Amino acid sequence: MQFIEVSGQLINITLVFSTALIFAALGGMFSERSGVVNIGLEGLMVSGAFAAAVATDYATQAGLGGISPWIGLIAAIVFGVVFSLLHAVATITFKSDQTVVGVVINILALGTAIYFTRSLYDGSAQTSQLTEVFHKVAIPFLSDIPIIGEGIFRSYPTTYIVIVLVIISYFVLFKTPFGLRLRAVGEHPSSADTVGISVTKYRYIGVMLSGALAGLGGATITLTTTSSFAHNTISGQGFIALAALIFGKWNPLGLAGAAVFFGFAQALRNFAQLFDFSKQIPTEVFYMLPYVLTLIVLAAAVGRSSAPAALGQPYDPARR
């Protein structure tokens, strides 16, 4: 019985950590499938986490109660889109180096979030502790299934949302005209332009979707795990999501599986410390485990992952 209980809890915690990664990786997928490199996922997650914390806090103070976290999610989407627009304008319109712009987005988002946090909260390095956050929801009947019920069907609303989004993203990307066109501008933009597909339009849409989804990823951490925002709330989760995207070969199902793997590494960190043997191991070893695995996975993926052919290449119609 104890094994069943522990297994269910391990699966559940894995999904808690995986949810934010899947949101961000899905966002990166839409951007990079359109041909725009987006290593700014970390910054987009930061902007979403900050916006969600502040919006939820102010909505709670205004007496909006249980809908406050949902308002926080909307704010996260808006902030994510705003920062992604900066990325889009710089890389698509002005054809700046996409990697450099991504680094700038990471720095700008974190700096902006810290500045406004200190401004809004009397110099404090973090927002107020949120009293209205998401709570786990049990699905009737399904939640009573041994192991799986505890692990999957007693989760936060954001976990259910991201599962649905993975399925929708797969269908949209591979089964709809929109997905075909988005992939076309990421593989052969000149050919897409020749048949009347606007490369600029679809790349803007891809980058803006990345902002919205990565923002949701950041909000998920704020509204389910930390209940506040600080400078270290995201702590490299955006880069892990980027690794999941690459390891998952820019496929919604693949990146979701990779994100679950990284989420499991973080969950294992928490569980390992409950056993006696772990007392002889420095705590820092467990905290660095997800990042070490990220490096190992990326090293293993080099040469095996096939990125969109035009990824990172600004499109110039004059050279068509």
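Up top is the structure these notes are about.
Here goes a summary of the coordinates provided. (Residues numbered from 1 in each chain as written. Predicted model: local features only at pLDDT ≥ 70, side-chain atom pairs only at ≥ 80, totals over all residues. Heavy atoms only, no water.)

### Considering the overall build of the chain
Argument step 1. Looking only at helices and strands, one finds 12 helices and 2 strands in the chain.
Argument step 2. Reading the chain from its N end, one meets helices and strands in the order α-α-α-α-β-α-β-α-α-α-α-α-α-α.
Argument step 3. Computed over C-alpha atoms, the radius of gyration of the chain comes to 20 Å, within 12% of the 20 Å expected from 2.2 N^0.38 for 320 residues, which places it in the range of a compact globule.
Argument step 4. Across its three principal axes, the chain shows a C-alpha extent of roughly 65 × 45 × 40 Å.
Argument step 5. Evaluated residue by residue, the chain yields a buried proportion of 49% over its 320 residues.
Argument step 6. Contacts in the chain between residues far apart in sequence, at least 24 positions, make up 77% of those at least 6 positions apart.
Argument step 7. Roughly 14,700 Å² of accessible area belongs to the chain as shown, and the carbon and sulfur atoms make up 68% of that amount. (Helix = DSSP H or I, 4+ residues; strand = E, 2+ residues; numbered from the N terminus. Rg over C-alpha atoms; globule rule 2.2 N^0.38 Å. Buried < 20%, exposed > 50% of the residue type's maximum accessible area, 1.4 Å probe, protein only. Contact = heavy atoms within 4.5 Å. Areas by Shrake-Rupley, 256 points an atom, 1.4 Å probe, with all protein chains shown as cover.)

### Considerations on the side chain of S227
Argument step 1. Locating S227 in the fold gives a position in the loop between α9 (199-226) and α10 (237-247).
Argument step 2. With residues up to four places along the chain from it excluded, the contact list for S227 reads S128, Q129, L130, V133, I221 and T222.

### Quick notes on the pattern of salt bridges
Argument step 1. In this structure the tally under the stated criterion is 2 salt bridges.
Argument step 2. A salt bridge links R154 to D144, with the nearest nitrogen and oxygen atoms 3.8 Å apart. Remark: D144 occurs in the loop between β1 (137-138) and α5 (148-152) and R154 occurs in strand β2 (residues 154-155); sequence separation between them is 10 residues.
Argument step 3. Residue classification places D144 among the exposed positions, given a relative accessible area of 55%.
Argument step 4. Here E150 and R154 are joined by a salt bridge, their closest N and O atoms 3.6 Å apart. (Salt bridge = Lys/Arg side-chain N within 4 Å of Asp/Glu carboxyl O.)

### A short note on the side chain of N38
Argument step 1. Along the chain, N38 falls in the loop between α1 (2-33) and α2 (41-61).
Argument step 2. Classification of N38 by relative accessible area gives buried; the value is 1%.
Argument step 3. Leave out the neighbours within four places in its chain, and N38 touches S31, E32, L44, H87, S210 and L242.

### Remarks on unusual backbone geometry
Negative phi is the rule for most residues except glycine; trans is the rule for most peptide bonds.
Argument step 1. Here the phi dihedral of K249 falls at roughly 55°; this positive angle occurs in a residue that is not glycine.
Argument step 2. Mapped onto the elements, K249 comes out in the loop between α10 and α11 (252-272).
Argument step 3. What makes K249 partly exposed here is its relative accessible area of 48%.
Argument step 4. Not every positive phi belongs to a glycine, and W250 is a case in point at roughly 60°.

### Comments concerning the packing of aromatic side chains
Argument step 1. If you walk through the whole model with that rule in mind, you get 7 aromatic pairs.
Argument step 2. Each ring, one from W70 and one from F134, has its centre 4.8 Å from the other, and the planes form 75°; the classification is edge-to-face. One end of the pair, W70, is in helix α3 (residues 68-93); the other, F134, is in the loop between α4 (98-120) and β1, with 64 residues separating them in the sequence.
Argument step 3. Through pairs of rings, three or more aromatic residues link up here, namely F50, F79 and F229. (Phe/Tyr/Trp six-rings, centres within 6.5 Å; stacked < 30°, edge-to-face > 60°.)

### Focus on α4
Argument step 1. Here α4 contains 23 residues, and its C-alpha end-to-end distance of 32 Å stays within 8% of the 33 Å for a straight helix at 1.5 Å per residue.
Argument step 2. Among all positions of α4, only Q98, V101, G102, I105, N106, A109, A113 and T117 are buried.
Argument step 3. The inward-facing, buried residues of α4 contact α2, α3 and α10.
Argument step 4. Sitting at the head of α4, D97 places a side-chain oxygen 3.0 Å from the backbone nitrogen of T99.
Argument step 5. Directly after α4, the chain includes D122, whose backbone phi takes a positive value near 55°. (Expected span 1.5 Å × (residues − 1). Polar contact = N/O pair within 3.5 Å; in protein donor to acceptor, adjacent residues only side chain to side chain.)

### Digging into a nonpolar patch on the surface
Argument step 1. A cluster of nonpolar side chains, I281, V285, M288, V292 and I296, forms an exposed patch at the surface whose accessible area comes to about 380 Å².
Argument step 2. One can find V285 in helix α12 (residues 283-301).
Argument step 3. By relative accessible area, V285 is classed as partly exposed at 37%. (Patch = residues over 30% accessible without salt bridge, like charges linked within 9 Å, V, L, I, M, F, W, Y side chains within 5 Å.)

Read these as geometric descriptors, not functional statements.
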